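Residue-level structural notes
Here are the chains, one letter per residue:
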Amino acid sequence: MPDRAIVVTGSLNMDFVVQVERLPAPGETARGENFQTIPGGKGANQACAAARLARGNPVLMIGRVGYDAFADHLRASLAAAGADTSRIHGCRRAATGVALIWVDRTGQNSIVIAPGANAELTPADLETERQSFVSAACALFQLETPLETVAAGLRLARSGGALSILDPAPAQPLDAGLLACVDLLTPNETEACLLAGREPRRISLDEGPELAEQLRRRGPRAVVLKLGDQGCYYAGPEGSWHAPAFRVEAIDSTAAGDTFNGALAVALAEGRAVPESLRFANAAAALSVTRLGAQASIPSREEVEQFLAAQPKS
Ligand code: RIB
């Protein structure tokens, strides 16, 4: 489906990033270094990844930003990646979203977001894009815009037969009606535990099949569990697969999950089989972890292909 679009609905944030030795405890003042502002936002990161990695499928970003300098910077970053930014609307009632991010020396992070204009994206905004959803190959969503907007987008995608991919991040409870409209749900461990009604904790690979099936019973057609350094586990009507993670030196895990989702959408839109798509997405995510920042860390198609070609044959 090389000419059908990948439509990404979601947040755009300017990320304020500081590297710290270790993440501060509550009440603690920590000294950081290397402050940078880097384009981010889960929606924009997924659009950026899809646009950098696509070979023919156009990528369309739908979102809201304020009328400020951050908005210009965020639009420019996505345009440079190759995404269509014409459906990123301005908002007079709120400023562009921002995220405050600390990254420790192991690459782990803590993130606080102030959604600003992201919270003003409405179902009516998506309704005006009905044709884009109906003709799309894939429609990507996350949870940094209002839930009612995500639900409206999922329904539009379903009405046209686009493959909908929901990243349930940041973690929050979701009802069965919304989950029933999802083709592919891609939680990390925390999100999977919350949606399954379990205490948040690390999930062993052995637990993957049962947890994924428990989540599928809540509505989505297929589930990909993102299990960090254990890779990912897919369960869907075609079968189930584990795709191991690639070993890399971690600098910053910010946007690794977003890169995974953008890459997965590209591979599936190209008609690749699920195991190959998971491997492609794992490779893109692994490369993103080796660099600081969100959109600054997302690799190109050439980088991912070279990385995969250099892996030992299994
Ligand atoms: O997933 C990473 C993103 O989460 C960051 O870019 C930040 O903006 C927050 O939305």
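In what follows, the structure referred to is the one given above.
Within every chain, residues take consecutive numbers counted from 1 along the sequence as written. Only residues with pLDDT of 70 or above have their local features reported here, since the model is predicted, and side-chain atom pairs are shown and tallied only from 80 upward, although totals for entire chains, interfaces and linings are computed over all residues. The basis for the side-chain values is all heavy atoms of the structure; hydrogens and waters are excluded.

1. Thoughts on the overall build of the protein
Each helix is a run of DSSP H or I of at least 4 residues and each strand a run of E of at least 2, with the numbering of both proceeding from the N terminus. Tallying secondary structure elements over the protein gives 11 helices and 13 strands in all. Both definitions apply: the radius of gyration is a C-alpha atom measure, and the globule rule equals 2.2 Å times residues to the power 0.38. Against the compact-globule benchmark of 20 Å for 314 residues, the protein has a radius of gyration of 18 Å, which places it among compact chains. Considering only C-alpha atoms, the protein reaches an extent of 50 × 45 × 40 Å along its principal axes. For the protein, restricting intrachain contacts to residue pairs at least 6 apart in sequence, the fraction spanning at least 24 positions comes to 68%. Only carbon and sulfur atoms are counted for the fraction: they give 53% of the accessible area of the protein, which is about 12900 Å². The charge count includes Lys and Arg as positive and Asp and Glu as negative, but it does not include His or the ends of the chains. For this purpose, a charge sits on NZ of Lys, CZ of Arg, CG of Asp or CD of Glu. One way to put it: in the protein the 29 positive side-chain charges average out to a point 3 Å from where the 35 negative ones average out. Whether two residues touch is decided by their heavy atoms; if any such pair falls within 4.5 Å, the residues are in contact. Per-residue and other accessible areas follow the Shrake-Rupley method at a 1.4 Å probe size, with only the shown protein chains counted as cover for residues.

2. A closer look at the packing of aromatic side chains
Note on ring pairs: Phe, Tyr and Trp rings are taken, using the six-membered ring of Trp, and paired if centres are within 6.5 Å. Classes follow the plane angle, with under 30 degrees stacked, over 60 edge-to-face and the rest tilted. For the structure on display, the rule yields 5 aromatic pairs. Note on F16 and F70: the rings are 5.6 Å apart at their centroids and 85° apart in plane angle, and the pair reads as edge-to-face. With F16 in strand β2 (residues 13-20) and F70 in helix α2 (residues 69-81), this residue pair connects regions lying 54 residues apart in the sequence. Whether a residue is buried, partly exposed or exposed follows from its accessible area with a 1.4 Å probe, protein chains only, as a fraction of its type maximum: under 20%, in between, or over 50%, in that order. Judged by its relative accessible area of 29%, F70 is partly exposed. Aromatic side chains F133 and F141 sit 6.2 Å apart centroid to centroid with 5° between the ring planes, which places their arrangement in the stacked category. Put simply, the rings of F16, F35 and F70 touch in pairs and so form one group of aromatic residues. Here the basic side chain of R92 rests over the ring of Y67, its NZ or CZ set 4.2 Å away from the ring centre. Charge-over-ring contacts are defined here by two conditions on Lys NZ or Arg CZ: a distance within 6 Å of the ring centre and an angle within 35 degrees of the ring normal.

3. Examining a nonpolar patch on the surface
Taken together, the side chains of L100, W102 and V112 define a hydrophobic patch exposed on the protein surface, amounting to about 260 Å² of accessible area. Position of W102 among the secondary structure elements: in strand β6 (residues 97-103). What makes a patch is a set of residues exposed beyond 30% relative accessible area and free of salt bridges, joined within 9 Å when like-charged and within 5 Å when nonpolar (Val, Leu, Ile, Met, Phe, Trp, Tyr). Within this document, salt bridges are pairs made up of a side-chain nitrogen of Lys or Arg and a carboxyl oxygen of Asp or Glu, the two lying within 4 Å of each other.

4. Some thoughts on the site of the ligand
The nearness test applies per residue and asks whether one of its heavy atoms lies within 4 Å of the molecule or strand. Of all residues adjacent to the ligand, which total 14 residues, the nearest are D15, G41, K42, E144 and D258. Whenever two N or O atoms come within 3.5 Å, that pair is a polar contact, provided that in protein one can donate a hydrogen and the other can accept it, and provided that, for residues adjacent in sequence, both atoms are side-chain atoms. In this structure, an oxygen atom belonging to the ligand sits 2.9 Å away from a side-chain N or O atom of K42. With the chains in place, 96% of the 280 Å² that the ligand exposes on its own is no longer accessible. Both site types are read off a 1 Å grid over the protein atoms alone. A 1.4 Å probe that fits but cannot get out defines a cavity, while an open set with protein on both sides within 12 Å along at least five of seven lines defines a pocket; lining residues have an atom within 4 Å of a point. A cavity or pocket is said to hold a molecule if more than half of that molecule's atoms lie within 2 Å of its grid points. Comparing atom positions with the cavity grids shows the ligand to sit within the largest pocket. Contributions of two or more residues to the shell around the ligand are made by β2, α1 (42-53) and β7 (109-114).

5. Looking at the layout of surface pockets
Grid points are joined across faces, edges and corners, and a volume is the space filled by probe spheres set on the points. What the largest pocket holds in volume is close to 1400 Å³. Considering the residues around the largest pocket, the lining is formed by 46 residues, among which N188, G228, S253, A256 and G257 are closest to the centre. Residue assignment for the lining of the largest pocket shows that the elements contributing at least two residues are β2, α1, β6, β7, α7 (189-195), α9 (256-269) and α10 (274-289). Class assignment for the residues of the lining of the largest pocket results in 20 nonpolar, 16 polar and 10 charged. Only Asp, Glu, Lys and Arg are considered charged, only Ala, Val, Leu, Ile, Met, Phe, Trp, Tyr, Cys and Pro nonpolar, and every remaining residue, Gly among them, polar.

6. Comments concerning the side chain of S277
Mapped onto the elements, S277 comes out in helix α10. Once you skip the residues sitting within four places of it in the chain, S277 turns out to touch L264, A267, L268 and R272.

7. As for the nonpolar core
Judged by nonpolar contacts, the single largest core of 55 residues is most densely connected at I6, L78 and L278. Counting residues per element, this core draws most heavily on α10, at 9 residues. Setting aside its immediate chain neighbours within four residues, I6 contacts A50, N57, P58, V59, L60, C138, L140, A265, V266 and A269. Counting residues in each nonpolar core, the second largest holds 37 residues, with L126, L143, L166 and L211 among its members. Nonpolar cores are built from buried Ala, Val, Leu, Ile, Met, Phe, Trp, Tyr and Cys residues. Side-chain atoms within 4.5 Å join them into one set.

8. Remarks on the sheet that holds β6
With respect to topology, 4 strands assemble into an open sheet ordered β3-β2-β6-β7, the strand pairing being mixed. Each of the sheet's edge strands pairs with one partner strand only, and the pair in question is β3 (32-40) and β7. On average, each strand axis in the sheet is tilted by 20° relative to the strand beside it, whichever way the strands run. Between the N-to-C directions of two axes lies an angle of 0 to 180 degrees, each axis being a line fitted to C-alpha atoms and, for a helix, fitted only over the stretch in contact. Those strands touched by α2 are β2, β3 and β6, and its axis lies near 90° from that of β2. A strand pair is defined by DSSP finding two or more bridges across the two strands.

9. Some remarks on α2
To estimate the expected span of a helix, count its residues, drop one, and scale the result by 1.5 Å. Taking 1.5 Å of rise per residue, 13 residues should cover 18 Å, and α2 covers 19 Å from first to last C-alpha, within 8% of that figure. Listed as buried for α2 are A71, L74, S77, L78 and A81. In a view along the axis of α2, the buried residues occupy a sector of 130°, so they form one face of it. Exposed positions of α2 whose direction lies more than 90 degrees from the buried face are A69, D72 and A80. Close packing links the buried residues of α2 with β2, β3, α1, β4 (59-65) and β5 (84-90). Among the residues trailing α2, G82 stands out with phi positive, at a value near 110°. The arc in question is formed by the directions pointing from the helix axis toward the C-beta atoms.

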